[in-house]
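The primary structure of each chain is shown beneath.
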Amino acid sequence: MTRRELVIGADRSLTAGTTRRRFLTWSALVGTLALVPELTGTDAVRAQPPAAPPADYPFRLGVASGDPLPDSVVLWTRLAVDPVAPLGGMRPGVVPVRWEIADDDRFGRVVAQGLELATEADGWSVHVDVRGLAPARDYFYRFLVGPHASAVGRTRTAPAAGAPLASLSFAWASCQKWEDGFYGAYADLARSAPDVVFFLGDYIYEYGIERKGARASLPRPESALRETLQLNDYRDRYALYKADENLAAAHAAAPWITTFDDHEVDNNWASQISQDEGADPRLFLMRRADAFKAWWENTPVRMTQRPVGPDLQAYRRFSFGSLVDFSVLDTRQYRSDQANGDGEHPQDAATADPGRTITGAAQEKWIVDGFGSAATWKFLAHQTVISDLAQIENGERVVGMDPWSGYEASRHRILDAARDRGVQVQSIVGDIHRTIVSELRRDYRDPAPAVGVEIATTSIASGKDGADVDDTGAAIAAASPHVAFGNARRGYLRATLTPTEWRSEVRVLDAVSVPGAGARTATTVTVPVGTTEIGLS
C-alpha cells in the first residue's frame, strides 16, 4: 500500500501514519459487528464477476461513480443478491465492502483503497467520497465483498479550476419507465464513454407495474404491482431498474451527475403538495422523505446530498476548467403549486403571477449569481423545458402548466438577469418524452430576442417506441416558431463542447419494445459560442 490516504467514509480516514492503537480499534469494531455470514469471506478474488454468478453474488445492481470534482469523485454500489426479492434478498446485518481505485483497469497501480460498511439502515448502499485524485484523469474502480468482485467501473475527474480545456464530451438522458421498453440507448451511451453523463429526472416511475408491455414476461418484485408509497417499495423499484444490464453498463462507463424530477416521488408533485386529490400534506411529506432516502441510497452523490427527513439539497454546480459551468437545478422541492389545475392551459394572470416560483427564491439567487462565472459556457441542467411548447386547442394557444411555461415570472427574472449580464444561457432538460431543440426566450407570445438555446432529450424508454413525427410534435411545430427540431423516438443526447461550439447528436432508436435495437443519429445540432444560431445537419 502506498502512503496515499486510505479513505473510510466521507469524513473519516485512516492514513499510512495511523497509530497501531487506532487501527486495532477500527479492526475490533469491524470484528464485533453482526456480519452477514455468506458475504464475509477473507480472500477477495481480483477478477471481473463470473459469467454465471453464484447465488450469493452481491453486486447485481452494478457500480457507479458521480459528481466529479478536480480532486474527487463519488464511488457507489448497493448490495443485492436477488434484485426481484424484497430488499434485494439481503439478510439483516452489516457487510464490510472493500473498494479500490486505480490508474489502470487491471489494478496494477492502485492509488487509493478502503473499507466501508454496507448497512440495512442505508439499504446496503455504499457511497465513497474519494479525495486526493489528480484532475482531468481517467480512473478505474471496483468493490470487493468476501470472495466476490464487482464489475470494474471507469470514472473521470474534472479539470482543475480555471484550467484551459480543449473539449468536453457529455451526454444527457431522462425518463426510463422500465415496463415501457428496453434500455438500448444505454448500450449506445456506454460505448461512447463520455467524460460525464447528466441524468435529469424520472429515474424510476412510482406507478404500479401491470403485467403487460415490452417486459411483461420478466420477473419483478411483488411490491412492483402497487404504487410506491414507503421506503422499501422505493428501494425495490430502484433494484428492479438497476438490474438492467444496459443501465449498469452506462453507469460503469462514466461518472454521472444526477437530479430528480417528479416520478422519483409522485407524478407532478410540487413542494409539499401531491396532485392526488385529497392527499394529506403531512402524509405526503412522509412519503417524500422515504422517496428522497431511496433516491440518495441509489445515486452516486455525496453525504451533503443525504436527505434530512423530507428535505434534500439537490441543486449544485459543477465546473469543467475554464470551459463550462453546469448549474444542476431542483425545480420540484421549492416550486409553487401548478396553476390552473395542472395540464395544458392558456397562459393567464396565474401563470404570470410574480409571487409564484418554480425554483424558490434562494435557488433563483444562486442561479443568477452563477452567471458571474468566467467560464466560456454556462449551462442549466434540469428537469423540464423553459421554452413554451405551445399547441392550438379549440382555437386557443395552450402550454403546459408543469414546465416553466406555467411559471413565467421565474423565467423572466432568470433570463433577464442573464441578458443584463451579457450572458448566453444554454439549457439541457428531459421530461417531455421527445427531443425538442428551441430558442430560449424570456417570452414567446410577445417574442423577445433569444438569449440561448435549449435542447430537451427524449426518454430512454417512457412512452414506448414513439415516432419521428407524431401528432403532438406536429402541433408543437405549427404553433411554436421558435422550435427548430423535434423527434418523438426514444434515445438520448450526446455532445462535444469546445471553446467555439456546442455540437450535439440526437441519438434515437426505432424501437424500444424489443431488446437489441440499435441507435442512429436523427440530426446533429450545432450552436456557435456567443450566438443563438441553431445549425442542423
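The rules we used
All residue numbers here refer to positions counted from 1 along the written sequence of the relevant chain. Totals for whole chains, interfaces and linings use all residues, but because this is a predicted model, local features are given only for residues with pLDDT of at least 70 and pairs of side-chain atoms are given and counted only at 80 or more. With hydrogens and water excluded, all non-hydrogen atoms of the structure serve as input to the side-chain values. Here a strand pair is declared whenever DSSP counts at least two bridges between the two strands. Under the DSSP-based scheme used, a helix requires at least four consecutive residues in state H or I and a strand at least two consecutive residues in state E, with every element numbered from the N terminus. Note on classification: 1.4 Å probe, protein chains only; a residue is buried when its accessible area is under 20% of the maximum for its type, exposed when over 50%, partly exposed between these limits. Any two residues whose heavy atoms approach within 4.5 Å at even a single point are treated as in contact. Put simply, a nonpolar core is a bunch of buried Ala, Val, Leu, Ile, Met, Phe, Trp, Tyr and Cys residues held in one set by side-chain atoms that sit within 4.5 Å of each other. The rule for a salt bridge is simple: a side-chain nitrogen of Lys or Arg has to be within 4 Å of a carboxyl oxygen of Asp or Glu. Axis definition: a line fit to C-alpha positions, over the contact stretch in the case of helices; interaxial angles, taken between N-to-C directions, run 0 to 180 degrees. In these notes the angle categories are as follows: under 35 degrees is roughly parallel, over 145 is roughly antiparallel, 65 to 115 is roughly perpendicular, and the rest is oblique. Crossing handedness is defined as follows: a turn of the near helix away from the far one that is anticlockwise and smaller than a right angle gives a left-handed crossing, while the clockwise case is right-handed. Note that Gly is not counted as nonpolar here; it falls among the polar residues with everything else outside the nonpolar set of Ala, Val, Leu, Ile, Met, Phe, Trp, Tyr, Cys and Pro and the charged set of Asp, Glu, Lys and Arg. Take the residue count of a helix, subtract one, and multiply by 1.5 Å to get its expected span.

A. Quick look at the sheet that holds strand 16 (residues 344-345). The strand order across the open sheet built from three strands is 16-19-18, with neighbouring strands paired in antiparallel fashion. Whereas interior strands pair on both sides, the edge strands pair on one side only; in this sheet they are strand 16 and strand 18 (391-393). Judged from the two bridges that link them, strand 16 and strand 19 (residues 396-400) form a sheet pairing that is antiparallel. Looking across to strand 19, one finds that Glu344 is bridged to Gly400.

B. Molecular detail of the environment of Leu389. Tracing the backbone shows Leu389 in the loop between strand 17 (377-381) and strand 18. For Leu389, a relative accessible area of 11% translates into the label buried. Those residues in contact with Leu389 that sit more than four places away from it in its chain are Val398, Val399, Ile432, Ile436, Ile476, Ser480 and Val483.

C. Here's a closer look at the nonpolar core. By size, the foremost hydrophobic cluster in this structure holds 41 residues, and its most contacted members are Tyr183, Tyr186, Trp256 and Ile460. Among the elements of the structure, strand 11 (168-173), helix 2 (184-192), strand 12 (196-199), helix 3 (231-242), helix 4 (245-253) and helix 5 (281-297) are those that each provide at least two residues to this core. The greatest single-element share of this core, amounting to six residues, is contributed by helix 5. Here Ile460 is in contact with Ala173, Ser174, Cys175, Gln176, Phe182, Tyr183, Ala185, Tyr186, Arg490, Gly491, Tyr492 and Val512, once residues within four sequence places are set aside.

D. A look at the environment of Thr457. Structurally, Thr457 is set in the loop between strand 22 (452-456) and helix 9 (471-479). On the basis of relative accessibility, which here comes to 0%, the residue Thr457 falls in the buried class. Residues Thr457 and Arg413, spaced 44 residues apart in sequence, show a C-alpha to C-alpha distance of 25 Å. Once residues lying within four places of it in the same chain are set aside, the contact partners of Thr457 are Trp172, Ala173, Ser174, Val429, Gly430, Arg434, Thr435, Gly491, Tyr492 and Leu493.

E. View of the side chain of Ser327. Following the sequence through the fold, Ser327 ends up in strand 15 (residues 324-328). Ser327 gets classed as buried once you look at its relative accessible area, which sits at 6%. Once residues within four sequence positions are removed from consideration, Ser327 is found in contact with Arg316, Arg317, Trp366, Phe379, Leu380 and Ala381.

F. The arrangement of the pattern of salt bridges in detail. Counted by the stated rule, this structure contains 42 salt bridges. Ionic pairing is found between Arg156 and Asp138, a salt bridge with its closest N-O pair at 2.9 Å. Of this pair, Arg156 sits in strand 10 (residues 153-156) while Asp138 is found in strand 8 (residues 138-145), placing the two residues 18 residues apart along the sequence. Overall, Asp138 belongs to the partly exposed group, its relative accessible area being 29%. What emerges from the salt-bridge pattern is a single network uniting Asp122, Arg235, Lys293, Glu297 and Arg306.

G. Summary view of the packing of helix 2 against helix 4. Here helix 2 crosses helix 4 at 25 degrees, and the two axes come no closer than 8 Å. The angle between the axes of helix 2 and helix 4 places the two elements in the roughly parallel class. In the packing of helix 2 onto helix 4, the handedness of the crossing is left-handed. Seen from helix 2, the contacting residues are Gly184, Tyr186, Ala187, Leu189 and Ala190; seen from helix 4, they are Asn246, Leu247, Ala249, Ala250 and Ala253. Across the contact of helix 2 with helix 4, the residue classes tally to eight nonpolar, two polar and no charged.

H. Here's a closer look at helix 8 (residues 408-420). In this model helix 8 runs 18 Å from its N-terminal to its C-terminal C-alpha over 13 residues, within 8% of the 18 Å that 1.5 Å per residue would give. Among the 13 residues that make up helix 8, ten are buried, leaving the element largely enclosed by the rest of the structure. Regarding helix 8, the residues found buried are Glu408, Ala409, Ser410, Arg411, His412, Ile414, Leu415, Asp416, Ala417 and Ala418. Buried residues belonging to helix 8 abut helix 6 (349-352), helix 7 (361-370), strand 20 (425-429) and strand 21 (435-440). The first or second residue beyond helix 8 is Gly422, which carries a positive phi of 70 degrees.

I. Representation of the sheet that holds strand 21 in the model. Pairing is mixed in the open sheet, where seven strands are placed in the order 14-15-17-20-22-21-23. The open sheet has two free edges, formed respectively by strand 14 (316-320) and strand 23 (483-487), since each of these has just one partner strand. The mean inter-strand angle of the sheet, taken between neighbouring strand axes irrespective of direction, is 15 degrees. In the sheet, strand 21 pairs with strand 22 via five bridges, with the strands oriented antiparallel. Counterpart to Leu440 in the pairing with strand 22 is Gly452. Its contacts with the sheet put helix 7 on strand 14, strand 15 and strand 17, and the angle it makes with strand 14 is roughly 15 degrees.

J. Geometry of the packing of helix 7 against helix 8. In the contact formed by helix 7 and helix 8, the axes pass within 9 Å of each other and the chain directions differ by 25 degrees. In this view, helix 7 runs roughly parallel relative to helix 8, as classed from their interaxial angle. Read as a crossing pair, helix 7 and helix 8 show a hand that is right-handed. Between helix 7 and helix 8, the contacting residues are Glu364, Ile367 and Val368 on the first element and Ser410, Arg413, Ile414 and Ala417 on the second. Across the contact of helix 7 with helix 8, the residue classes break down as four nonpolar, one polar and two charged.

K. Layout of the side chain of Asp261. Examined against the element boundaries, Asp261 turns out to sit in the loop between strand 13 (256-258) and helix 5. For Asp261, a relative accessible area of 0% translates into the label buried. For Asp261, the contacting residues outside a window of four places in its chain are Leu200, Gly201, Asp202, Trp269, Arg332, Gln383 and Asp431.

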